[in-house]
Amino acid sequence: IRFYRAGNDMEHLDRMFEMFKEAAITKVATHVPADTKSEEYAEVKAFVDRCHENGIKVTAFFTLGGISLSSVMMNPELRDYISKDEYGQLRWREPGGTFLADLKSKGYIDMMLQNVKAALDAGIDELYYDYAIGGTGEVLNFLSKVRELIDKEGKNLTIFGNCKGDLIVDDVC
């Protein structure tokens, strides 16, 4: 496996695919937007299709445990999806940058499952969850829901995450 994960330069795809060929890249990771009607989603879907045409598998890369401060500022309703301490204060994952997501929040889980549906629609080959810090019931429950959704859609995808290091989490699911 030769893996590429940096940004996908949609303005220079021809050169990027030339470099993929030169480096014998077999797998790339990309973000898949949840809004399947957006221009960004159409670009990512076209990128995934082009990867497949070139024999390259595509991993959808998601962050499971965090909600950025900028996202909350643009979408205040996301505050409901942030973990709170015993005093009701919002918990930081990275102070001033990213809040810790509440994996017990049905709204957050539903939002993350929408991301899975969008990734499946885009033709993704596997899913990767950054910050799926593992072993907790909430993480295990979420990953089981992801597996159920993938199975329901009749797809066969591998799920990866960094549960205490980069691990395949399919066994958990």
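Nothing here was measured: the structure is a model prediction, and the numbers come from that model.

**Considering the packing of aromatic side chains**
Counted by the stated rule, this structure contains seven aromatic pairs. Ring geometry for Phe 61 against Tyr 128: centres 5.2 Å apart, planes inclined by 10°, an arrangement best described as stacked. With Phe 61 in strand S3 (residues 57–63) and Tyr 128 in strand S7 (residues 126–130), this pair connects stretches of sequence that are 67 residues apart. By relative accessible area, Phe 61 is classed as buried at 18%. Taken together, the ring pairs in this structure connect Phe 17, Phe 20 and Phe 47 into an aromatic cluster.

**Notes on a negative patch on the surface**
Negative charge collects at one region of the surface, where Glu 11, Asp 35, Glu 39, Glu 40 and Glu 43 lie side by side. Here Glu 43 is to be found in helix H2 (residues 39–53). In this structure Glu 43 comes out as partly exposed when scored by relative accessible area, which is 34%.

**A look at the nonpolar core**
Of all hydrophobic cores here, the largest spans 47 residues; its most connected members are Val 32, Ile 124, Leu 127, Tyr 129, Phe 142 and Val 146. Broken down by secondary-structure element, the contributors of at least two residues to this core are helix H1 (13–22), H2, S3, helix H4 (106–122), S7 and helix H5 (137–152). Considering every element that reaches this core, the biggest residue donor is H4, with nine residues. Ignoring anything within four residues of it in the chain, the contact list for Leu 127 reads Thr 59, Ala 60, Phe 62, Val 116, Ala 119, Val 146, Ile 150, Leu 157, Thr 158, Ile 159 and Phe 160.

**Considering the pattern of salt bridges**
Under the definition given, this model contains eight salt bridges. Here Asp 49 ties to Lys 45 by a salt bridge, and the two come within 2.9 Å at their closest N and O atoms. Of this pair, Asp 49 and Lys 45 both sit in helix H2, four residues apart, roughly one helical turn. With a closest N to O distance of 3.8 Å, Arg 147 and Asp 151 form a salt bridge. Residue Arg 147 and its partner Asp 151 are located together in helix H5, separated by four residues, close to a single helical turn. Its relative accessible area of 46% is what places Asp 151 among the partly exposed residues. In this structure, a network of salt bridges that share partners links the residues Arg 15, Glu 18 and Glu 22.

**Quick word on the pairing of S7**
Counting buried positions along S7 gives four out of five residues, so the element sits mostly inside the fold. When S3 meets S7, the two strands line up parallel, connected through five bridges. Each bridged residue has a counterpart across the sheet, and for Thr 63 the counterpart in S7 is Asp 130.

Definitions and cut-offs
Residues numbered from 1 in each chain as written. Predicted model: local features only at pLDDT ≥ 70, side-chain atom pairs only at ≥ 80, totals over all residues. Heavy atoms only, no water. Phe/Tyr/Trp six-rings, centres within 6.5 Å; stacked < 30°, edge-to-face > 60°. Helix = DSSP H or I, 4+ residues; strand = E, 2+ residues; numbered from the N terminus. Buried < 20%, exposed > 50% of the residue type's maximum accessible area, 1.4 Å probe, protein only. Patch = residues over 30% accessible without salt bridge, like charges linked within 9 Å, V, L, I, M, F, W, Y side chains within 5 Å. Areas by Shrake-Rupley, 256 points an atom, 1.4 Å probe, with all protein chains shown as cover. Salt bridge = Lys/Arg side-chain N within 4 Å of Asp/Glu carboxyl O. Lys, Arg positive; Asp, Glu negative; His and termini not counted. Charge placed at Lys NZ, Arg CZ, Asp CG, Glu CD. Core = buried A, V, L, I, M, F, W, Y, C linked by side-chain atoms within 4.5 Å. Contact = heavy atoms within 4.5 Å. Pairing = 2+ DSSP bridges.

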